[in-house]
Amino acid sequence: QVQLVESGGGLVQPGGSLRLSCAASGSIFSIYTMGWYRQAPGKQRELVATITSGGSTNYADSVKVRFTISRDNAKNTVYLQMNSLKPEDTAVYYCNADLVSFYSDSGNYWGQGTQVTVSS
């Protein structure tokens, strides 16, 4: 069973920084794209950033420059460095991966989410 586990969330003051990590484990053959999504209270889940196996990145306009996504393919881990955090960044952040497992077709997987709260 494929599992994605996020870590690194917490409480931070405006202007602060956090680094989120997400490690994928299980019977994974290959991970194509990994990314981060977030969902704030009362709002729909939205894309934050994605990164392909080749390193191509995509960011939501609201986080460009401030956030940086990266990955370690050997560890099946994706990171999200968040700088200059704003209260508007407060949300549950979810890890996502498009991958191929040894026992099934390509699929999309989600982590359980990690809370990021930006408040003074």
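Residues numbered from 1 in each chain as written. Predicted model: local features only at pLDDT ≥ 70, side-chain atom pairs only at ≥ 80, totals over all residues. Heavy atoms only, no water.

A. The arrangement of the nonpolar core in detail. The biggest cluster of nonpolar side chains holds 32 residues, and the ones touching the most others in it are Trp-36, Leu-80, Met-82 and Tyr-93. Elements that contribute at least two residues to this core include exactly β3 (18-25), β4 (28-39), β5 (46-52), β7 (67-72), β8 (77-82), β9 (91-101) and β11 (114-118). The dominant element in this core, judged by the number of residues it contributes, is β9, at five residues. With residues near it in sequence (within four places) discarded, Leu-80 still touches Leu-18, Arg-19, Leu-20, Trp-36, Val-48, Ala-49, Phe-67, Thr-68, Ile-69 and Tyr-93. (Core = buried A, V, L, I, M, F, W, Y, C linked by side-chain atoms within 4.5 Å. Buried < 20%, exposed > 50% of the residue type's maximum accessible area, 1.4 Å probe, protein only. Helix = DSSP H or I, 4+ residues; strand = E, 2+ residues; numbered from the N terminus. Contact = heavy atoms within 4.5 Å.)

B. Representation of unusual backbone geometry within the structure. Backbone geometry at Val-65 places phi at a positive 80°, although glycine is not the residue there. Structurally, the position occupied by Val-65 is in the loop between β6 (57-59) and β7. Of the residues examined, Val-65 reaches a relative accessible area of 82% and is grouped as exposed. Backbone geometry at Ser-84 places phi at a positive 50°, although glycine is not the residue there. Along the chain, the position of Ser-84 falls in the loop between β8 and β9. For Ser-84, a relative accessible area of 40% gives the class partly exposed.

C. Quick peek at the packing of aromatic side chains. For the coordinates displayed, the defined rule picks out three aromatic pairs. Ring geometry for Phe-29 and Phe-102: centres 5.7 Å apart, planes at 75°, overall edge-to-face. In this pair, Phe-29 sits in strand β4 while Phe-102 sits in the loop between β9 and β10 (107-110), placing the two residues 73 residues apart along the sequence. A relative accessible area of 54% means that Phe-102 is categorised as exposed. Both rings, one in Tyr-94 and one in Trp-110, keep their centres 6.5 Å apart while their planes meet at 85°; by these two values the pair is edge-to-face. With Tyr-94 in strand β9 and Trp-110 in strand β10, the pair connects residues that are 16 residues apart, well separated along the chain. On the basis of relative accessibility, which here comes to 14%, the residue Tyr-94 falls in the buried class. Ring pairs connect the aromatic residues Tyr-37, Tyr-94 and Trp-110, which therefore count as one cluster. The ring of Tyr-94 has Arg-45 lying over it, and the distance from NZ or CZ to the ring centre is 3.7 Å. (Phe/Tyr/Trp six-rings, centres within 6.5 Å; stacked < 30°, edge-to-face > 60°. Lys NZ or Arg CZ within 6 Å of the ring centre and 35° of its normal.)

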